[in-house]
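# Summary of the model geometry
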Amino acid sequence: MLLSWLMIVVVGLAAAQTAQRIPEELPAAAATKLNASLASARTHKAHVWRDARPWNEDGTINGYIEIARGDRRKWELDISKNERAIDRMIPESLGGYPINYGIVPQTVSYDGDPFDILVLGPPIEGGTTVRGLPVGVMVMEDDRILDSKVIVSPVDGQGRPLYQLTEPIKQQLADFFNRYKQHIPGASTSVPGWGTREEGIALVRLTHAFFQQCRERTNACVVKQ
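This structure is a prediction, so every number in the text was calculated from the model and none was measured. Position numbers for residues start from 1 in each chain and track the written sequence from start to end. Where totals are concerned, whole chains, interfaces and linings use all residues; where local detail is concerned, this predicted model gives features only for residues with pLDDT of at least 70, and gives and counts side-chain atom pairs only at 80 or more. Each side-chain value is derived from all of the structure's non-hydrogen atoms; neither hydrogens nor water enter the calculation.

## Looking at the pattern of salt bridges
Inclusion rule: Salt bridges are counted wherever a side-chain nitrogen of Lys or Arg sits within 4 Å of a carboxyl oxygen of Asp or Glu. In this text, helices come from DSSP runs of H or I with a minimum length of four residues, and strands from runs of E with a minimum of two, each type numbered from the N-terminal end. Using a 1.4 Å probe on the protein chains alone, a residue whose accessible area is under 20% of its type maximum counts as buried, one over 50% counts as exposed, and one in between counts as partly exposed.
Applying the stated criterion across every chain yields a total of 14 salt bridges. In this structure, Lys33 and Asp113 form a salt bridge, with 2.8 Å as the shortest nitrogen-oxygen distance. Note that Lys33 is positioned in helix H2 (residues 28-40) and Asp113 in the loop between strand E5 (100-103) and strand E6 (116-119), a separation of 80 residues in sequence. Take Lys33: its relative accessible area is 36%, and that puts it in the partly exposed class. Residue classification places Asp113 among the partly exposed residues on the basis of a relative accessible area of 30%. Lys170 is the salt-bridge partner of Glu167, the closest N and O atoms lying 3.4 Å from each other. Linking Glu167 with Lys170, this pair stays in helix H3 (residues 167-179), spanning three residues, or about one helical turn. The exposure class assigned to Lys170 is buried, which follows from its relative accessible area of 18%.

Shown next, in the form of structure tokens:
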């Protein structure tokens with residue numbers, strides 16, 4: 001029943017925002033990359049991506065922060081070292097990241113990397129693990145591969161989101177992520193639309209299902225009901 005609901009929501013997201021169906025299959029190259037990542041993490045008894053839970057009983061989603069808001073350094077989790085490393089610098093003309101950027105544990109997306117999370121609010125130090133309530137999803141394509149990102153807000157003492165995904169924030173994020181690879185020859189990104197909090201939750205569950213069901217395989221994986 002859970003996966004049936006999941007695919008209804010995710011397919012609805014694709015139809016509403018990108019005029020294409022969200023794939024239920026993880027590409028073979030992504031499944032192979034997942035297995036390589038798991039193999040490289042084996043030397044660590046506890047791993048921030050492999051072992052942490054993607055969500056909590058209170059409905060919050062966990063995220064490992066790679067890049068603090070305002071930072072121009074493109075940090076990424078080096079899975080083999082279980083710590084961050086700098087991949088590249090964002091050009092000064094683009095400025096720093098307009099939002100905290102990280103990954104959701106125990107997930108794998110269509111490019112073979114962990115599923116991305118964007119956390120609203122003030123800068124959060126890189127290497128920090130946070131939790132937040134989903135408030136939406138940014139539909140994105142990176143080099144023509146679906147690379148959407150769930151957006152969450154930290155919570156107050158009553159478990160309510162501290163921040164909302166407003167239209168000005170959407171515009172700021174779309175402007176940045178539409179351009180943030182323009183300095184890389186041959187690279188392309190686009191932000192064709194936005195989804196709801198339910199659709200964000202569905203994508204977290206789908207990419208976690210890929211992680212669970214595909215980690216022992218080396219060919220393409222399909223999420224089964």
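Next comes the rest of the account.
## What about the pairing of strand E2 (residues 61-67)?
This is how it is decided: Pairing between strands is defined by DSSP: at least two bridges between them are needed.
Among the seven residues of E2, seven are classified as buried, and the element is accordingly described as predominantly covered. Taken together, the three bridges between E2 and E5 define a ladder with antiparallel strand orientation. Each residue of the ladder has a partner; that of Tyr64, found in E5, is Ile103.

## With respect to the nonpolar core
Keep this limit in mind: To form a nonpolar core, buried Ala, Val, Leu, Ile, Met, Phe, Trp, Tyr and Cys residues must be joined to one another through side-chain atoms within 4.5 Å. Contacts are assigned to residue pairs with any non-hydrogen atoms lying within 4.5 Å of each other.
Core analysis: the largest hydrophobic core is formed by 33 residues, its most contacted members being Trp49 and Val150. The set of elements that each furnish at least two residues to this core consists of H2, E2, E6, strand E7 (129-142), strand E9 (149-153) and helix H4 (197-214). Of the residues forming this core, the biggest block, six residues, is contributed by H4. Apart from residues lying up to four places away in sequence, Val150 is in contact with Ile61, Val104, Phe115, Asp116, Ile117, Leu118, Pro134, Gly136, Val137, Gly200 and Val204. Counting residues in hydrophobic clusters, the runner-up holds 21 residues, among them Ile90, Met140, Ile151 and Trp194.

## Regarding the side chain of Asn56
For clarity, the threshold we go by: Throughout this description, a polar contact denotes any pair of N or O atoms lying within 3.5 Å of each other; where both atoms belong to protein, one of them has to be capable of donating a hydrogen while the other can accept it, and for residues adjacent in sequence the pair is counted only when both atoms sit in side chains.
As for its position among the elements, Asn56 is in the loop between H2 and E2. Its relative accessible area of 15% is what places Asn56 among the buried residues. At a separation of 2.8 Å, a polar atom in the side chain of Asn56 contacts the side chain of Thr60. For Asn56, the contacting residues outside a window of four places in its chain are Asn62 and Arg131.

## What about empty space enclosed by the protein?
Note the following rule: Cavities and pockets are found on a 1 Å grid laid over the protein atoms alone: a cavity is a set of points where a 1.4 Å probe fits but cannot escape, a pocket is an open set with protein on both sides within 12 Å along at least five of seven lines, and a lining residue has an atom within 4 Å of such a point. Grid points are joined across faces, edges and corners, and a volume is the space filled by probe spheres set on the points. In the scheme used here, Gly and all other residues not listed as nonpolar or charged are polar, with Ala, Val, Leu, Ile, Met, Phe, Trp, Tyr, Cys and Pro taken as nonpolar and Asp, Glu, Lys and Arg as charged.
The tally for this structure, following the rule as stated, stands at one cavity of 30 Å³ or more. The volume enclosed by the largest cavity comes to roughly 30 Å³. Around the largest cavity, the lining residues are Ser109, Tyr110, Phe115, Leu146, Asp147, Ser148, Leu203 and Thr207. For the lining of the largest cavity, a count of residues per class yields four nonpolar, three polar and one charged.

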